[in-house]
Amino acid sequence: MKTWNPYPLVRLFLPFAAGILIAIFSGCSFRIPLFVFVIMLLLSGTYVFFLARKISYRTRWIYGWSFYLMIVCCGYELTLSRTAALENNHFIHLKQPASYTLVRITAPPQLREKSIKAEAEMMMNGDSSGMKPVSGQLMLYLATDSASSLLEYGDLILIQKVPEVVAAPANPGAFDYQHYLAMRGVYHQAFVRNGDWRFIGKGSRSALFTLAYDIRSHILGILSDNGITGREFAVTSALLIGYTDKLDPELLSDYSGTGAIHILSVSGMHVGLIYAGLNLLLFFFDKIRYGKYPKALLLLLCIWVYALVTGLSPCVLRAALMFSLIVTGKLFSRNAEIFNTLAASAMILLIINPYYITDMGFQLTYMAVIGIVAIQPSIQAWWTPRWWILQQGWSITTVSIAAQILTFPMGMYYFQQFPNYFLITNFVALPLSTAIIYLALVVLAVSFIPSVSVLLSKVLSWMVIALNSSIGWIEQLPGSVSRGVYVTGFEALLIYGMVISVLLFLYKKNKVAIFAALTMAIALCSSLLMAQWRIQNQASLVVYQTGKSRTVDFIRARERLLLADSMIICNERKIDFYTGGLMDRKGVRDFNGLCTDANVASSLHAGLYKYHSFAQFLDQRIAWVNCKETSLQKLNVDFLILTNNARLTITDLLATYQPEYIIIDATNSKIRAGKWVRECEEYGIPCWSVPEQGAFVWDAKM
């Protein structure tokens, strides 16, 4: 217990976070009555003030754990109180919502290729007979035109559209956008065409956020006016203020593959650079009596203005809170324990919004900081270089290794990849990105002198080009990234347990820790072996939801044969978007593609033999139908796949085929699919509608 004594806030944070996680993932909506908390507080107070000295030391753990239980309950109850869907007037509870909804835009709209995306809150719902108040966040997509392009933060608009629940992923292994938005309190979305919405007026706006958005727009305007365009503008604005709307998918892929994606998301590194730069510029306050007070005030003000301008993401909030606590501690000549500072900032953030705990950036940034604080000093002590340049290089190396030790399990869990050259990347990215941020700040500072700002902007553009080129070159190196490194959540926890146990053994020489590490290593190996056994014995048929394209996967062991239309089979990005997540989970490495228009036979890949509109996959017979056919005798098939809005009924089909299962693929409209589903129900034939239910997955029993 003595080990935990210096970290009281860490001891409070752990049960508090446990209560939040229980509330989020248990799905339970039971509210703890107020009198339960009153009783817990009375019991705790009685123990602290009257019984602490009278009770045996051996039994004090009972009261300690009782206190932790109360903290767990606090985290649980706080989470439920901040869950929007549990509000009585939330839109999700309306049984028959009307077609008119009054919404207020809550953030600056984002201009996309074919639409304008805006976050909004629902305020009223009704029709011509009357409107009633509702609550709930909404993701709004408006068709681009001259009117929608003028919308701003705080505008009120009336949409003639019933917001729909955000759909679950249509394909297995795809990014779960529904869950992502739900963790941010957004459950609905609306796609609104031109003419189906009307501007009502200016709604309420936060003066603070309005100022922040205006400052951000002004900064972007300065960068653009100084000739910074294209990818240089996208990366500079992302590095400086976290504006990522202009980053293209290829650029994001390069940064992600090399492990440098973190520099494009404003986080602790960026806030730390701002703090370090300001602390250096304000050095003269240290020579003035009582100068530390205005200096601390200016530092706090600048840190929080920067946090506001960058959008108050969880990562920025964490960094701003941490540096604020550091500044405040120095002001009163107190150096707080860094782990307590981290725990305090995390608790404050979770009190503001308990759902921050599910944010990937929140998790990664805290893990990275903990790794740097706990591990980096020990690695740094291995070697003391003589020359300054080597000292800086060694410092970057140790920071990168320390951060990677505690973030790589999470990286493999979320991204299914590992950047093998992360050390090389950080040697290039960290110095260049630091120089770019500081130079961009100088450009903003001298923007009132056009000749100087334009010249510096050209230098800034060259530096960003050098950064992008370096990242692209590293990403193209052989073996730059290990893709498809899929681990489950349980396996990621086992890896973390092993890492923490090994660190405890190295630092504390705790023999129990090494046995714990070996136990978890055995459990991890067993889990991975079971996964390999499942992969070697798997066989699956997948009919994907890919809009209006025909896309079918045949998977056997580590092989696959993808049958798809030419618009899919020739587009690597689309293949990865629709099928990449599932292939990572199934451990599939070999890819073979076949255009659906091809009539060639293929019996060498994934156990499939195909000819014309018929196929044999293992012992399953498959037929595709897009027109009425006749046969002298009924053809027995296991799967009958209907395509291209075939103008026929199930009765027509049953005259030629005797199917065990009917699949309606994505090339059919929802109206025709619905008719076929109803007919199948009448005949008692199992049916799956891909347009309505998402991808169809059949796994063979091996």
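Read on for a plain summary of the structure.

Rules used throughout
Residues numbered from 1 in each chain as written. Predicted model: local features only at pLDDT ≥ 70, side-chain atom pairs only at ≥ 80, totals over all residues. Heavy atoms only, no water. Helix = DSSP H or I, 4+ residues; strand = E, 2+ residues; numbered from the N terminus. Rg over C-alpha atoms; globule rule 2.2 N^0.38 Å. Buried < 20%, exposed > 50% of the residue type's maximum accessible area, 1.4 Å probe, protein only. Contact = heavy atoms within 4.5 Å. Areas by Shrake-Rupley, 256 points an atom, 1.4 Å probe, with all protein chains shown as cover. Patch = residues over 30% accessible without salt bridge, like charges linked within 9 Å, V, L, I, M, F, W, Y side chains within 5 Å. Salt bridge = Lys/Arg side-chain N within 4 Å of Asp/Glu carboxyl O. Polar contact = N/O pair within 3.5 Å; in protein donor to acceptor, adjacent residues only side chain to side chain. Expected span 1.5 Å × (residues − 1). Pairing = 2+ DSSP bridges.

This part takes up the overall build of the protein. Of regular secondary structure, the protein possesses 23 helices and 22 strands. What you see for the protein is a C-alpha radius of gyration of 29 Å, in line with the 27 Å of a compact globule of 702 residues. Counting only C-alpha atoms and orienting by the principal axes, one finds that the protein spans roughly 100 × 65 × 65 Å. Counting the 702 residues in the protein, one finds 46% classified as buried. Looking at the protein alone, contacts between residues at least 24 apart form 64% of all its contacts between residues at least 6 apart. Accessible surface, the protein as shown: approximately 36,900 Å² in total, 63% of it carbon and sulfur.

Taken together, Trp382, Trp383, Trp387, Trp388, Ile389 and Leu390 make up a surface patch of nonpolar side chains, about 830 Å² in accessible area. Inspection of the secondary structure assignment puts tryptophan 383 in the loop between α13 (376–380) and α14 (388–415).

Quick look at the side chain of threonine 397 now. Within the element layout of this structure, threonine 397 appears in helix α14. Under the relative-accessibility criterion, threonine 397 is labelled buried at 11%. Ignoring any residue separated from it by four or fewer positions in sequence, one finds threonine 397 in contact with Leu423 and Phe427.

Okay, unusual backbone geometry next. Among all residues save glycine, negative phi is the norm, and among peptide bonds the norm is trans. At glutamine 416, a position not held by glycine, the phi torsion is positive, near 55 degrees. Of note in this structure, asparagine 644 is not a glycine but carries a positive phi near 55 degrees. You can see asparagine 644 is positioned in the loop between β19 (635–642) and α21 (650–654). Take asparagine 644: its relative accessible area is 39%, and that puts it in the partly exposed class.

Turning next to the environment of serine 482. Here serine 482 is to be found in strand β11 (residues 481–483). Taking the relative accessible area as the measure of exposure, serine 482 reaches 27% and is therefore partly exposed. It is 6.8 Å that separates the C-alpha atoms of serine 482 and asparagine 420, two residues lying 62 residues apart in sequence. Reaching out from serine 482, the side chain makes a polar contact with the side chain of asparagine 420 at a distance of 3.0 Å.

On to helix α1 (residues 8–26). In this model, α1 (19 residues) spans 28 Å end to end at C-alpha, consistent with the 27 Å of a helix rising 1.5 Å per residue. Just beyond α1, the residue with positive phi is glycine 27, at close to 75 degrees.

A separate point is the side chain of histidine 90. Mapped onto the elements of the fold, histidine 90 is located in the loop between α3 (60–81) and β1 (100–105). Judged by its relative accessible area of 0%, histidine 90 is buried. For histidine 90, the residues in contact, after removing those within four places along its chain, are Ala84, Ala85, Ser135, Gly136, Tyr187 and His188.

A few words on the pairing of strand β8 (residues 186–192). Every regular strand shows the same layout, with side chains that alternate between the two sheet faces. Summarising burial for β8: six of the seven residues are buried, a large majority. Inspection of the sheet shows strand β5 (residues 137–143) paired to β8 by six bridges, in the parallel sense. Residue pairing in the sheet places tyrosine 141 in a bridge with phenylalanine 191 of β8. By the bridge criterion, two bridges tie strand β7 (residues 164–165) to β8 in an arrangement that is antiparallel. Bridged to valine 165 within β8 is histidine 188.

Between its first and last C-alpha atoms helix α9 (residues 292–309) spans 26 Å; for 18 residues at 1.5 Å apiece the expected length is 26 Å, and the two agree. Restricting attention to buried positions, one finds in α9 the residues Lys295, Ala296, Leu299, Ile303, Tyr306, Ala307, Leu308 and Val309. At the exit of α9 stands glycine 311, carrying a positive phi of roughly 105 degrees.

Evaluated as defined, the whole model comprises ten salt bridges. For arginine 231, the salt bridge identified is with glutamate 250, shortest N-O distance 3.7 Å. Of the two residues, arginine 231 is situated in helix α6 (residues 230–241) and glutamate 250 in helix α7 (residues 249–257); the sequence distance between them amounts to 19 residues. A salt bridge links arginine 560 to aspartate 553, with the shortest nitrogen-to-oxygen separation between them at 2.6 Å. On the basis of relative accessibility, which here comes to 6%, the residue arginine 560 falls in the buried class. Linked by salt bridges that have partners in common, Glu152, Asp155 and Lys202 make up one network.

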